[in-house]
Every structure is written in structure tokens, then in C-alpha cells.
Amino acid sequence: MSNQKTSAYHFFSMLLAIIFLCFCAGIKVVAQDEPVKLINELPKHLPLKIEIENADKEDLLGELRIKVTNEGEKPVYYLRFFIEVADVEKTGGLNVAVNLWFGRQKLGDWDELANEKDVPLKNGESTILKVLESQVKLFNSMPERYGFLKPKKFRLIFGDLNYGDGTGYHTTGALPYPEKGSDGSPVKSKNN
């Protein structure tokens, strides 16, 4: 082989080797697991301080701890958040969510007031919210049961905050409850 042919042969061999290595590196990047992520979508106007722990753990739902401190003047008798799967394409479009709450669940219906047995979260007091173990087990069994990939992205969403006196906040946007009509009188929303 002439020097020109040998040089061209080595050039193309090197080029193919580089392309092959880039291709392999690309496959390796794609094959790596993406990190678990919790997106905090709680409205900022709530009178609560939120501290999130273990939001990057592989078993997010099992290890997640959300410390909630009441920074408002009124005691909180009921509080509910949702953790929802954000990458629903991995679940085949199935919208999966779990609840975290503080207080008696009946207060989430808004038709009942707090009673002497209900223990409030007073100003400056904190509580730790965790996903129930039964919900964690059910969620962890779903990928195999329904044949979808295990999601890695989740959203923390607001549900309700009830002061026990018929007032508070509701819906994902944390709207005041009860909502006020144009004349300023309370109006029950269509959702509650």
C-alpha cells in the first residue's frame, strides 16, 4: 500500500473508532438512571414553613419527611398535601398520587368543625408528614403490576388547610375557604 492509501486507511479507522466510542458513551449516558426529584409546587402564600428531607432518595416515598411549621396566628386542625407522579409518560399515562396529612381526615370534607378531641398545630409548632407505609408498598408494587417504568420525578401539591372553624385554604392554588361572593358573603365552591 502506498503512503497515501495507508494514511487514508488510518484516518478512516481512527474516525470510525472515535464515532464508535462516542456512540458507546452516548448509550452509557442514556442507560444511566436519572436521579429522583421532588418538585415543590406548594403555594408560597400559605402561613407555613416547609422543610423537605430525603427528596433525592431512590425510595422517595418511603424516606420522604416533610417538616411543616405553622407560622400563622390561627391553629391548624387539618392539613393535606399530595405527592403526584410528574413523569406520567413512564406510567403509561396513569396519574398516580399519594396523600400526606395532619389531623382528623373528616375535617378535609369542610362540612365538620374541629371538636375538643382534635389537637391543633399551634403557632410555632411543627409536625413531620410522611407517606403511610401501606401507600409506599402499594406504589412500589405498581410498576411490576401494571408494567410501567418506575417514575423518578414527583410533584408536591397542596390540598387543604383547615383552621377547624370552617375557614382555611383549599385546591392546588390554596384559595381561601369559604370563597367570597361579589357581595362578600361566603360561597361554597363547586369542588367542596
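Structure first, text after, so check above.
Sequence order as written defines the numbering, with residues in each chain counted from 1. Given that this is a predicted model, residues contribute local features only at a pLDDT of at least 70 and side-chain atom pairs are listed and counted only at 80 or more, while totals for whole chains, interfaces and linings are drawn from all residues. Note that the side-chain values use all heavy atoms of the structure and ignore hydrogens as well as water.

A. How the structure looks around the overall build of the chain. Secondary structure elements follow DSSP: runs of H or I no shorter than four residues count as helices, runs of E no shorter than two count as strands, and numbering proceeds from the N terminus. When its secondary structure is counted, the chain shows three helices and 11 strands. Along the chain direction, N to C, the helices and strands of the chain fall in the order α-β-β-α-β-β-β-β-α-β-β-β-β-β. Relative to its full complement of 192 residues, the chain shows a buried share of 34%. Pairs of residues are marked as contacts when any of their non-hydrogen atoms sit within 4.5 Å. At a minimum sequence separation of 6, the contacts of the chain that also span at least 24 residues come to 60%. Working definition of accessibility: Shrake-Rupley area with a 1.4 Å probe, residue cover restricted to the visible protein chains. As presented, the chain carries roughly 12100 Å² of accessible surface, and 55% of it is formed by carbon and sulfur atoms. The buried label goes to any residue with under 20% of its type's maximum accessible area, the exposed label to any with over 50%, and the partly exposed label to all in between, with areas taken from a 1.4 Å probe on protein chains only.

B. Quick peek at the environment of E71. Take E71: it is sitting in the loop between β3 (65–70) and β4 (78–85). Look at E71 and you get exposed, because its relative accessible area is 51%. For the pair E71 and P47, spaced 24 residues apart in sequence, the C-alpha separation works out to 5.1 Å. In this structure, E71 is in contact with P47, L48, K49 and N123, ignoring residues within four places of it in sequence.

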